[in-house]
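# Structural description and commentary
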Amino acid sequence: MEKFRDELKSWMKESGKSRDWVAEKLGVGKRTVDSWFSYKRIPEKKQKLLRELMEKEQQPKQVEISMDFTPEQLEMIRQAAALRGETPGEWCERAIKALTAVSVALNDYHRVGGKGG
């Protein structure tokens, strides 16, 4: 039980979910959720629902992005994609994911005051 509670706490922190959000999704009051984190056992049915929510929230979301490129930029993307055996869309998806990872790492770096590990 403690393991699941710790797993839930960790997931909520990582995903930015609040106890209010959990209470709303499970149809219980926030006080009930608070009690689960302090002393009360989480009922099996609620644990099952929470696990399903955690899995559902962790699944990648599909989004459609539209961007304008100059003809020169588009040609550069096509060439870069061809070198990797990718379509221009695949290349752009990979590039955006890489830039997102760098952005997150920089934000983390600055949040801790720019001090290295």
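Preceding this paragraph is the structure being described.
My aim in this report is to walk through the structure given alongside it, one point at a time. Just so it is clear, the structure is predicted and the values come from calculations on it, not from any experiment. Residue positions within a chain follow its written sequence, with the count starting from 1. Only residues with pLDDT of at least 70 get local features here, since the model is predicted, and only at 80 or more are side-chain atom pairs given and counted; chain-wide, interface and lining totals rely on the full set of residues. No hydrogens and no water enter the side-chain calculation; it runs on all heavy atoms of the structure.

### Quick word on the pattern of salt bridges
What counts is decided by this rule: A pair is scored as a salt bridge if a Lys or Arg side-chain nitrogen falls within 4 Å of a carboxyl oxygen belonging to Asp or Glu. We count a stretch as a helix when DSSP gives it H or I for four or more residues in a row; a strand needs E for two or more, and each element gets its number in order from the N terminus. The buried label applies to any residue whose accessible area, calculated with a 1.4 Å probe on protein chains only, is under 20% of its type's maximum; exposed applies above 50%, and partly exposed to all values in between.
The tally for this structure, following the rule as stated, stands at eight salt bridges. Among the salt bridges present, the one from Asp-34 reaches Arg-19, with a minimum N-O distance of 3.1 Å. With Asp-34 in helix H3 (residues 30–38) and Arg-19 in helix H2 (residues 19–26), this residue pair connects regions lying 15 residues apart in the sequence. Judged by relative accessible area, which is 23%, Asp-34 ranks as partly exposed. The class for Arg-19 is partly exposed, based on a relative accessible area of 30%. As a salt-bridge pair, Asp-34 and Lys-30 come within 3.0 Å of each other at their nearest N and O atoms.

### Digging into a nonpolar patch on the surface
The criterion, for reference: Patch membership is restricted to residues that have no salt bridge and whose relative accessible area is over 30%. Joining uses 9 Å for like charges and 5 Å for the nonpolar side chains Val, Leu, Ile, Met, Phe, Trp and Tyr. All accessible-area figures derive from a Shrake-Rupley calculation using a 1.4 Å probe, and residue coverage is judged against the displayed protein chains alone.
Together, Val-63, Ile-65, Met-67, Phe-69 and Ile-96 make up a nonpolar patch on the protein surface, roughly 470 Å² of accessible area in all. Inspection of the secondary structure puts Ile-96 in helix H6 (residues 88–111). With relative accessibility at 35%, the residue Ile-96 sits in the partly exposed group.

### Side note on H3
Along an α-helix, a turn takes 3.6 residues, which lines up residues three or four apart on a common side. This is how it is decided: We call two residues in contact when some of their heavy atoms are within 4.5 Å.
When H3 is considered as a whole, its buried residues turn out to be Val-33, Ser-35, Trp-36 and Phe-37. The secondary structure elements touched by the buried residues of H3 are helix H1 (2–15), H2 and helix H4 (44–58).

### Overview of the nonpolar core
Going by this rule: Definition of nonpolar core: a set of buried residues of the types Ala, Val, Leu, Ile, Met, Phe, Trp, Tyr and Cys, connected through side-chain atoms within 4.5 Å.
Counting residues in each nonpolar core, the largest one holds 15 residues, and the members touching the most others are Leu-8, Val-22 and Leu-50. Put simply, the parts of the chain that give this core at least two residues each are H1, H2, H3 and H4.

### Quick word on H6
In plain terms, the rule: Each helix should span, by expectation, one fewer than its residue count multiplied by 1.5 Å.
Compared with the 34 Å implied by 1.5 Å per residue over 24 residues, the 34 Å span of H6 between its first and last C-alpha is a close match. After H6 finishes, the residue Gly-113 shows a positive phi value of roughly 85 degrees.

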